[in-house]
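# Summary of structural features
Now for the letters of each chain:
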Amino acid sequence: MLTLYIGNKNYSSWSMRPWLVLKKAQLPFEEKLIQLYVPASKEKLLKLSSAGTVPVLQVKDEVIPDSLAIAEWAARCVPNLWPQNAHDKQRARALCQQMQEDFGAFRNAAPMNLRRRTKGKLPDDGLQAAAKLQTTFEDCLARHDKPFLFGDWSIADAFATPYAARFNSYGINSSLKTDTYISELLADDDYLEWELAALAEPWTMPDVDEV
Ligand SMILES: N[C@@H](CCC(=O)N[C@@H](CS)C(=O)NCC(=O)O)C(=O)O
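Residues numbered from 1 in each chain as written. Predicted model: local features only at pLDDT ≥ 70, side-chain atom pairs only at ≥ 80, totals over all residues.

## Some points on the sheet that holds strand S2 (residues 30–33)
Taken in spatial order, the 4 strands make up an open sheet running S2-S1-S3-S4, and their pairing is mixed. The sheet is open, and its two borders are formed by S2 and strand S4 (62–65), each paired with just one other strand. Direction aside, neighbouring strands of the sheet carry axes that sit 20° apart on average. Note that strand S1 (residues 2–6) and strand S3 (residues 56–59) share 4 bridges and pair antiparallel. The residue bridging Leu4 from the neighbouring strand is Leu57, located in S3. Set on the sheet, helix H1 (residues 13–24) makes contact with S1 and S3; between it and S1 the angle comes to about 155°. (Pairing = 2+ DSSP bridges. Helix = DSSP H or I, 4+ residues; strand = E, 2+ residues; numbered from the N terminus. Axes fitted to C-alpha atoms, helices over the stretch in contact; angles between N-to-C directions. Contact = placed C-beta atoms within 7 Å.)

Following this line, the structure appears as structure tokens:
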């Protein structure tokens, strides 16, 4: 039995990634939501794992924190979550790591907020990081004629989905190729199931809602 601990669906971009991966892997799991950034949340998170963050996957007695570690675990159970070609697999892994560590200025300037629709100008460093990410997407997409970063859907696309939602929420201009890719990610049935639940959440975060 698998339990995936996640944060608020409207705001928790890290939680969305492994949730999408487990859905695509068709691994049945129970989801438990911990409301983030309220007085009791840190204590609950630290009880789950020393990382003190979500997502966390519980597999029997073992807990796996970190979105990429959970995705790697799923890929060991189910084939085809990484590209089949060894070179592409290596590139996809590196890109996921980059999407975790890089583009911080974009994440800070445009926190994931699925309810949000605005065209207010982002700070320059946020826009530069968004442009760099767009170039990275285009470089992947230019290598084939299929809809996803490495052709067929892979973990890299799960990692890209919260960024796609940011482009959408903050009305960031993007090229036709990136736009088509973003539309593909945001029309995905699993993403739409997550989004529907996010839109129904009662919680707000004024700091993020007014950025
Ligand atoms: N690198 C981690 C980041 C996890 C993370 O920062 N999660 C946020 C939610 S999106 C969190 O739990 N924040 C709560 C806190 O830091 O108290 C991952 O990829 O899972």
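## Points about the site of the ligand
Taken together, 16 residues lie around the ligand, and Ser12, Trp14, Thr53, Asp66 and Ser67 are the ones closest in. Secondary structure elements with two or more residues in the shell around the ligand: H1, helix H2 (41–48) and helix H3 (67–77). In terms of residue count, the dominant contributor to the shell around the ligand is H1 (3 residues). Looking at side-chain class alone, the shell around the ligand contains 6 nonpolar, 8 polar and 2 charged residues. (Near = placed C-beta within 6 Å. Nonpolar A, V, L, I, M, F, W, Y, C, P; charged D, E, K, R; others polar.)

## As for the packing of helix H7 (residues 155–169) against helix H8 (residues 176–186)
At a minimum axis distance of 9 Å, the contact between H7 and H8 shows a crossing angle of 110°. Overall, the two elements H7 and H8 adopt an arrangement that is roughly perpendicular. Facing H7, whose interface residues are Asp157, Ala160, Thr161, Ala164, Ala165, Phe167 and Asn168, H8 presents Ile182, Leu185 and Leu186. When its residues are assigned to classes, the contact of H7 with H8 shows 7 nonpolar, 2 polar and 1 charged. (Parallel < 35°, antiparallel > 145°, perpendicular 65-115°, else oblique.)

## What about the domain arrangement of the protein chain?
Partitioning the protein chain into structural domains gives domain 1 (2–79) and domain 2 (86–193). Here the C-alpha centroids of domain 1 and domain 2 sit 21 Å apart. Opposite the 12 residues of domain 1 that make contact, domain 2 presents 16 residues. Those elements that provide at least two residues to the side of domain 1 that touches domain 2 are H1 and H3. Tallying contributions element by element places H1 first for the side of domain 1 that touches domain 2, with 7 residues. Residues of the side of domain 1 that touches domain 2, tallied by class, amount to 7 nonpolar, 2 polar and 3 charged. (Domains from an automatic or database assignment.)

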